[in-house]
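Descriptive analysis of the structure
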Amino acid sequence: MVTFADLYAEYGVKSPHDLFERLREERPLFQVELPNGVPLWFVTQYADCRAGLGDARLSNRIGTRIVSQDILPAEIRASMGTHMLRVDGTDHTRLRRLVSSVFTAKRIEHLRPMVEQMTSDLLDKMAVQEQPDAIRDLAYPLPMQVICELLGVPVADHERFRTWSNAYLAGVGTQNFPVEVVTEFVHYVRALVQQKRTEPDDKLLSAMIAARDNEDRLAEHELTSMCFLLIIAGYETTVNLLGNGTALLLDRSELADRLRADHEAIPAAVEEFLRFESPVPGASFRVATETLALGGQTIKEGELVLISLLSANRDEQVFPGSMTFDAERSPNQHMAFGYGMHYCLGAPLARLEAHIAFRQLLERFPRMERLDPSADLRWRPGLVMRGLTELPVKLGQ
């Protein structure tokens, strides 16, 4: 019998892939109990995961209340749980339309020179570190700098955002949900929104404040909630993509040499990084709005569902040789950024950062290797993100 504690340990201490491979064959959809007593359906096969992500009867709307154990004050909950990932139907369409109108491909491409410079500056600093660490020196700071610059967050507050984000993600689904951290974060963002109202700039938050669709616009709690989503999704996903991808490269010197010689091959390799060690292991928690059938099981109205993107992306039925890394895999229809109406709006930004970061990293440190190749990789705890806590390296200059 697999328990929630088993799953939490597998994600946070070692690789869960052997466990998921067994589950896909023996118990592809099963139920565990969260620490707060709420039963949870865990979905592991690609076909079931895709079907679940596309089923409007599995709603995101009340997932936050359940996951946070309903211990947050209503006004704080509204300010972190009314973004487009937590609503469905017409509400989702409205929010995504408003945000998409300012989070455009043109705005993202406009960031390219800035991301190039940020990456170069971080690698300069990494080069003079007494003990370089690819997570601390690149994977963490680059996405945080990018998303904060995009939103218009002062540089002095970047580290606070990182602390808030880490504490929140480590506590989701556990008995230690960080109420004080979330409250502090919400109050900060509210103050930032008010500042941007009186002193608008050319950043994304000011653009979201000004965004209109006829007479419609984002409400105050929706603005705060969207900032919460962009920080968590726009930052954390890319941290893990960069960290996981770097670890995979360091274990594959021939691949690193090939990508260094052929930059055009980097995008396909990034897609395989996303599939092989998906930075977001599970889609957002969903709740059945009516009784439905999925994966040969009956999910009753009101029951909670977690769709494992990490497991789906190793499903042999869809990805032949799924447990083998293939930088030229084609097709590669992974679901690392989700699927359906809630597909990640920030996917193009994450890919832009990854393409730039891996190209510069390969060029700048061609002989980089892990400090101790025999040491076990250390993974962050929790079911929400799949990423390394550290990656000490030798630059080999």
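Placed above this text is the structure.
The shown structure was predicted, so the numbers you read here are calculated from the model rather than taken from an experiment.

About the cut-offs
- Residues numbered from 1 in each chain as written.
- Predicted model: local features only at pLDDT ≥ 70, side-chain atom pairs only at ≥ 80, totals over all residues.
- Heavy atoms only, no water.
- Salt bridge = Lys/Arg side-chain N within 4 Å of Asp/Glu carboxyl O.
- Buried < 20%, exposed > 50% of the residue type's maximum accessible area, 1.4 Å probe, protein only.
- Pairing = 2+ DSSP bridges.
- Helix = DSSP H or I, 4+ residues; strand = E, 2+ residues; numbered from the N terminus.
- Contact = heavy atoms within 4.5 Å.
- Axes fitted to C-alpha atoms, helices over the stretch in contact; angles between N-to-C directions.
- Arc of directions from axis to C-beta.
- 1 Å grid on protein atoms, 1.4 Å probe; cavity = no way out; pocket = protein on both sides within 12 Å on 5 of 7 lines; lining within 4 Å.
- Points joined across faces, edges and corners; volume = space filled by probe spheres on them.
- Nonpolar A, V, L, I, M, F, W, Y, C, P; charged D, E, K, R; others polar.
- Phe/Tyr/Trp six-rings, centres within 6.5 Å; stacked < 30°, edge-to-face > 60°.
- Patch = residues over 30% accessible without salt bridge, like charges linked within 9 Å, V, L, I, M, F, W, Y side chains within 5 Å.
- Areas by Shrake-Rupley, 256 points an atom, 1.4 Å probe, with all protein chains shown as cover.
- Lys, Arg positive; Asp, Glu negative; His and termini not counted.
- Charge placed at Lys NZ, Arg CZ, Asp CG, Glu CD.

What follows is about the pattern of salt bridges. As enumerated under the stated definition, the model contains 22 salt bridges in all. Across the pair D55 and R57 runs a salt bridge, and its minimum N-O distance is 2.8 Å. Residue classification places R57 among the partly exposed residues on the basis of a relative accessible area of 29%. With its nearest N and O atoms 2.8 Å apart, the salt bridge here joins R136 to D137. Given the relative accessible area of 38%, R136 is considered partly exposed. Salt bridges here are not isolated pairs; linked through shared partners, they connect E116, R359 and E363.

Spatial ordering of the open sheet is given by β1-β2-β7-β4-β3, a layout of five strands whose pairing is mixed. The sheet is open, and its two edges are formed by β1 (29–33) and β3 (58–59), each paired on a single side. The sheet contact formed by β3 and strand β4 (residues 286–288) spans two bridges and is antiparallel. Along β4, the bridge assignment pairs S59 with V287. Docked against the sheet, helix α3 (residues 46–53) engages β2 (39–43), β3, β4 and β7 (304–307), running at close to 125° with respect to β7.

Those residues of helix α15 (residues 253–261) that sit buried are L255, A256 and L259. The buried residues of α15 occupy one face: seen down the axis, they fall within an arc of 100°. Opposite the buried face of α15, by more than 90 degrees, sit the exposed residues S253, E254 and A261. In this structure, the buried residues of α15 make contact with α14 (220–250), α16 (266–276) and α18 (347–364).

Moving on to empty space enclosed by the protein. Scanning the model with the defined rule gives three cavities of 30 Å³ or more in all. Estimates place the volume of the second largest cavity at around 40 Å³. Forming the boundary of the second largest cavity are W164, S165, Y168, V181, V182, F185, F228 and I232. Along the lines of polarity and charge, the residues of the lining of the second largest cavity split into seven nonpolar, one polar and no charged.

Looking along a regular strand, one sees side chains alternate from face to face of the sheet. Among the five residues of β2, four are classified as buried, and the element is accordingly described as predominantly covered. The sheet contact formed by β1 and β2 spans five bridges and is antiparallel. Bridging from a neighbouring strand, L29 pairs with V43 of β2. Where β2 and β7 come together, four bridges link them in parallel fashion.

This paragraph deals with the packing of aromatic side chains. Taken as a whole and judged by the stated rule, the model has 13 aromatic pairs. Judged by centre distance (5.7 Å) and plane angle (80°), the ring pair of Y46 and F319 falls under edge-to-face. With Y46 in helix α3 and F319 in the loop between α17 (309–312) and α18, this pair connects stretches of sequence that are 273 residues apart. Assessed through its relative accessible area of 2%, F319 is described here as buried. When the ring of F276 is compared with that of F325, the centres are 5.6 Å apart and the planes differ by 90°; the resulting orientation is edge-to-face. Of this pair, F276 sits in helix α16 while F325 sits in the loop between α17 and α18, and the two are 49 residues apart along the sequence.

This part is about a negative patch on the surface. On the surface, a cluster of negative charge is contributed by D18, E21, E25, E26 and E316. Summarising the element assignment, D18 is placed in helix α2 (residues 17–26). When its relative accessible area of 56% is taken as the criterion, D18 is described as exposed.

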